[in-house]
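# Per-entry structural report
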Amino acid sequence: MSVNWIFYISLLEKNTTLPLEEIVKMEKLKCLRFIGMPLLLLCPVLLFYIYIWQYAVNIPYMDDADLVDVVNHSQSGFREFLAILFRQQNDHRVFFSRLGVLIPFWITGSIDFRLTILVGYINLIGLGYSIFLVFRSFEPRLWYFLPVSLLLFSPIVYQVHLWSITAYQYTLSIAFSIGALYFLQKDLSRWWSLSIPFSMAASLTNLDGLGTLPVAFIWLLLQGRRRVAGYYLIFLLAYGTLFFVDFKLSGASQLSFGMEGWLSLFKSIVAITGSLGKVISDTYALSLAMILGAAILLLYLSLKIWDLMGSNLAILSKRNFLEIDLVEICFLRVLASAAMIAIGRHMDGIENMLAIRFQIYSVSLVILFYLYILSRVELGRRVYVGSLTLGIAMFIGGYSYLKYSSAVDYYRAGLVADSYNFTARKLFLHQYFNLPDPQPWFYGHYRFPAYYNTAVFEKWSREEDTMRVLRKEDLKIVKIQNEAQYKHYIYPVLQFGLENIPDSVHTKEAYLMLTSTTQKQESYLMALRPEGPRILFWGREGTVKLVGEIPDKIPSTAYNLNLCWKAGDSTYVRAVGRNVSL
C-alpha cells in the first residue's frame, strides 16, 4: 500500500463524517499554518539582517575605542585581563561587548568590527525569542506575534545594531532581564535559581540591567514566595556590593533633586517611553513622543486603577490589583530601564531622550504593552487588538526603511570618510567631538579599510575639473560655538550647506572633499546628507539641499571644495568652492 493511501485512510479514521476531499483540504490548511506562519514571522528577521549586512562596516565609532583597548591588553596577565573585562566604561560594565570583539580577534588575529556587528545580530534574535517566551505564556496563536517581529526587526533599532559596542549592550540588557524574570514564574518554581545568572548577565551589559534585581525581588514578594525572595535578597545585596566596588559615576550622568529637576525627569520618562513616535516625523518628534508615551502610561495606570476598584469590563479579564503576571512584570522592568536612563540623562535636555540609540527601549516597551493589553482582553476579542496592531506595525516597520534611509547612508558615509581621514591625516571628522583623537599606535591590532582606491581620492581632490554645479551664494559655511546642543564638544562646529543641488548629483553617497590650497596633498573628506522636512511618504519640498558638519579640527587655511559622489560603479567630482577660508 502506498504512503499516500495510508495518509488518506488515517484522515478518514480521524473524521468519518466529512467527505475525503474536505478532510484533505483541512489538513493541508493546518500544514500551511504550521509551516507558513513561522516562515512569515522569520521574514522581518531575515530582511533586517540583510539590511545590517549591507550597511555594516569595519570601522570603529566613538566608544568602540574601549574595545580596541581591551584587545591591546589581551596579551597581559590573566588577572589584569580579567579586571579589564569587568572594568567600567562610562557608567557601565560592558563585559559582553568586550567578548564580542575579542572572540573574532582570537579567531582571525585582527579586529573586525563588521564581523562583531554581524555576530551581534544574534543578540537581537535572542531578544525576540525572550519576548516570544513571554507571548507564549498566555497566547498560542502565532499570528498575534507578527506585529512584534515587524517592529523589533526593523531600522527603528538601526544604530544599536550598526555599532559594535551597543549591539551587545541595550539589546542584551533587555533580553537577559526578561530571561531572569521568566524563571521566576510560579510554574517554574523549581528553576528559580536560573534567574540569578541571567540577572548577573543583564548587569554586565548596561547599567540599567542592574534594575532586574530589585524588580525580581519585589515580584517574588507579590507572588507570596517569601523564602525564595529571602534567598534572592541575599544574592541582591552580595552581588550589588561586589558590582559597585571601585564604581564611580561618570560625567555623563547628572543628577538634580530640585523641583525643576523632578519635572524634567518626569517629562524625560514620558518622552523615552514614547520615542518610537519620532519614526513618523523628526519635525514633530518630541510632540509625538510625548503623546505616545503619555497614552501608554495613562492607559496602564487606568487599568491598574480599574483593577483596584474591582470593576468589571466586558472586554477585559478581571484581575487583582497586585496580581502581576510575566507580561506585566516584563513591561515594568523595561519601563524601569527607561526611567534609569532618564535619571542619568535628563539634565542634558528632554530631546536627548529621543536619541536613536534609545529606541530599542521604546520599541520594547510598545511591544510589551501590546502583549499586556492582548493578555487582558477576552479571547474572543483579541482578534481586534491583534489586527489593529498588525496594521500599525506593518506601516511603522515598513516606513522605517524609508524614514531612516538617509540617516543610515550618512552614518555609513561618515565612517567611510573617517577611514580615509585617519589613514591620511590621523584624525576623525565624524566622531570624537568631545574627546581628543586616539594616536595611530592605539590601532596596532587593527587596519582601517580602504573603501575607495587611491585614484578615486586623487580625482576627488584635484582642481583641474572646474565645472561648477553651484552658484557662490548656494554655498554656506557657519562656525558654531557655545550652543546648547554642542555643549559637550571640545571643538567649534563647522556647518556646511550646499543648496540648489542639480538632479544629476547622486545624494545617497555624497561627500565634500576639502583640499588645502597651501598644502596640495592635504585633503579631508566630509560626508553629506540631504536635508528637508519629510512626513510619512511625502518627500522633501523644493530643491535638494546637502548638509554636513564637522568639528573644527582641520588647519585654519584656505581650501578648494569639491562635491564628490558615487553612482553605480562610477565616481564623480564637481567644484563648489575655490580658496574658501576656514
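Structure: see above.
These lines cover the structure that appears in this document, whether it is placed above or below. Not measured: the values here are computed from a predicted model. (Residues numbered from 1 in each chain as written. Predicted model: local features only at pLDDT ≥ 70, side-chain atom pairs only at ≥ 80, totals over all residues. Heavy atoms only, no water.)

### Notes on the nonpolar core
Counting 139 residues, the largest nonpolar core has Tyr 232, Ile 360 and Leu 371 as the members making the most contacts within it. Broken down by element, this core gets its largest block of residues, 13 residues, from helix H16 (residues 359–376). Setting aside its immediate chain neighbours within four residues, Tyr 232 contacts Leu 184, Trp 192, Ser 195, Ile 196, Ser 199, Leu 213, Ala 216, Phe 217 and Leu 220. Core analysis: the second largest hydrophobic core is formed by 24 residues, Ala 510, Leu 512, Tyr 524 and Val 576 among them. (Core = buried A, V, L, I, M, F, W, Y, C linked by side-chain atoms within 4.5 Å. Buried < 20%, exposed > 50% of the residue type's maximum accessible area, 1.4 Å probe, protein only. Helix = DSSP H or I, 4+ residues; strand = E, 2+ residues; numbered from the N terminus. Contact = heavy atoms within 4.5 Å.)

### Things to note about the packing of aromatic side chains
In this structure the tally under the stated criterion is 56 aromatic pairs. The interplanar angle of 50° and the centroid separation of 6.0 Å between the aromatic rings of Phe 428 and Phe 448 together place this pair among those described as tilted. In this pair, Phe 428 is assigned in the loop between helix H18 (405–425) and helix H19 (454–461) and Phe 448 in the loop between H18 and H19, connecting sequence segments 20 residues apart. Phe 448 shares its class with Phe 428; the two are buried. (Phe/Tyr/Trp six-rings, centres within 6.5 Å; stacked < 30°, edge-to-face > 60°.)

### Overview of the packing of helix H14 (residues 285–309) against H16
Running from N to C, H14 and H16 point in directions that differ by 30°, and their axes come no closer than 12 Å. Judged on the interaxial angle alone, H16 and H14 are roughly parallel. At the point where H14 passes H16, the crossing takes the left-handed sense. Residues Leu 292, Ile 296, Leu 299, Tyr 300, Leu 303, Lys 304 and Asp 307 of H14 pack against Val 366, Phe 369, Tyr 372, Ile 373 and Arg 376 of H16. In terms of residue class, the contact of H14 with H16 is made up of nine nonpolar, no polar and three charged. (Axes fitted to C-alpha atoms, helices over the stretch in contact; angles between N-to-C directions. Parallel < 35°, antiparallel > 145°, perpendicular 65-115°, else oblique. Left-handed = near helix turned anticlockwise from the far one by under 90°. Nonpolar A, V, L, I, M, F, W, Y, C, P; charged D, E, K, R; others polar.)

### Points about a nonpolar patch on the surface
A cluster of nonpolar side chains, contributed by Ile 218, Leu 222, Leu 308, Phe 321 and Leu 322, occupies part of the molecular surface with about 450 Å² of accessible area. Counting through the fold element by element, Ile 218 comes out in helix H11 (residues 212–222). (Patch = residues over 30% accessible without salt bridge, like charges linked within 9 Å, V, L, I, M, F, W, Y side chains within 5 Å. Areas by Shrake-Rupley, 256 points an atom, 1.4 Å probe, with all protein chains shown as cover. Salt bridge = Lys/Arg side-chain N within 4 Å of Asp/Glu carboxyl O.)

### Section: H18
Taking 1.5 Å of rise per residue, 21 residues should cover 30 Å, and H18 covers 29 Å from first to last C-alpha, within 8% of that figure. With 15 of its 21 residues buried, H18 lies for the most part within the structure. Just past H18, the residue Lys 426 takes up positive phi, approximately 60°. (Expected span 1.5 Å × (residues − 1).)

### A closer look at the sheet that holds strand E7 (residues 558–567)
Judged by pairing direction, the sheet is antiparallel, and its four strands sit side by side in the order E4-E3-E7-E8 without closing on themselves. Strand pairing shows two members of the sheet lacking a second neighbour, strand E4 (523–527) and strand E8 (570–581), which therefore form its edges. Going from strand to strand, the sheet's axes swing by 25° on average, the running direction of each strand aside. Lying over the sheet, H18 contacts strand E3 (510–516) and E4, oriented at roughly 170° with respect to E4. Strands E3, E4, E7 and E8 of the sheet are contacted by H19, whose axis makes an angle of about 40° with E8. (Pairing = 2+ DSSP bridges.)

### Quick look at the side chain of Ser 154
Mapped onto the secondary structure, Ser 154 falls in the loop between helix H7 (146–152) and helix H8 (158–161). Assessed through its relative accessible area of 0%, Ser 154 is described here as buried. A polar contact is formed between the side chain of Ser 154 and the backbone oxygen of Leu 151, at a distance of 2.9 Å. The residues contacting Ser 154, other than those within four sequence positions of it, are Phe 48, Gly 397, Ser 400 and Tyr 401. (Polar contact = N/O pair within 3.5 Å; in protein donor to acceptor, adjacent residues only side chain to side chain.)

### Concerning the pattern of salt bridges
Side chains that differ in charge, positive against negative, can pair when their charged atoms come close. Evaluation of the coordinates by the stated rule reveals 14 salt bridges. Here Glu 328 ties to Lys 304 by a salt bridge, and the two come within 3.0 Å at their closest N and O atoms. Of this pair, Glu 328 sits in helix H15 (residues 326–345) while Lys 304 is found in helix H14, placing the two residues 24 residues apart along the sequence. Connected via shared salt-bridge partners are Asp 66, Asp 69, Arg 87 and Arg 98.

### Looking at unusual backbone geometry
One non-glycine residue with positive phi stands out, namely Tyr 432, at about 55°. Position of Tyr 432 relative to the elements: it lies in the loop between H18 and H19. The exposure class assigned to Tyr 432 is buried, which follows from its relative accessible area of 5%. Backbone geometry at Asn 579 places phi at a positive 55°, although glycine is not the residue there. For Asn 579, the position within the fold is in strand E8.

### What to know about the pairing of E8
Pairing between E7 and E8: nine bridges, direction antiparallel. Paired with Trp 565 across the bridge in E8 is Tyr 572. With antiparallel pairing between neighbouring strands as the criterion, E7 and E8 make up a hairpin whose turn holds two residues, including Gly 568 at a positive phi of roughly 70°.

### What to know about the packing of H14 against H15
Their axes nearest at 13 Å, the elements H14 and H15 cross at an angle of 140°. By the criterion of interaxial angle, the relationship of H14 to H15 is oblique. Relative to H15, the crossing made by H14 is left-handed. Together, Ile 296, Leu 297, Tyr 300 and Lys 304 of H14 and Glu 328, Phe 331, Leu 332 and Leu 335 of H15 make up the contact between the two elements. For the contact of H14 with H15, the residue count by class is six nonpolar, no polar and two charged.

Everything listed is a geometric property; what it means functionally is a separate question.
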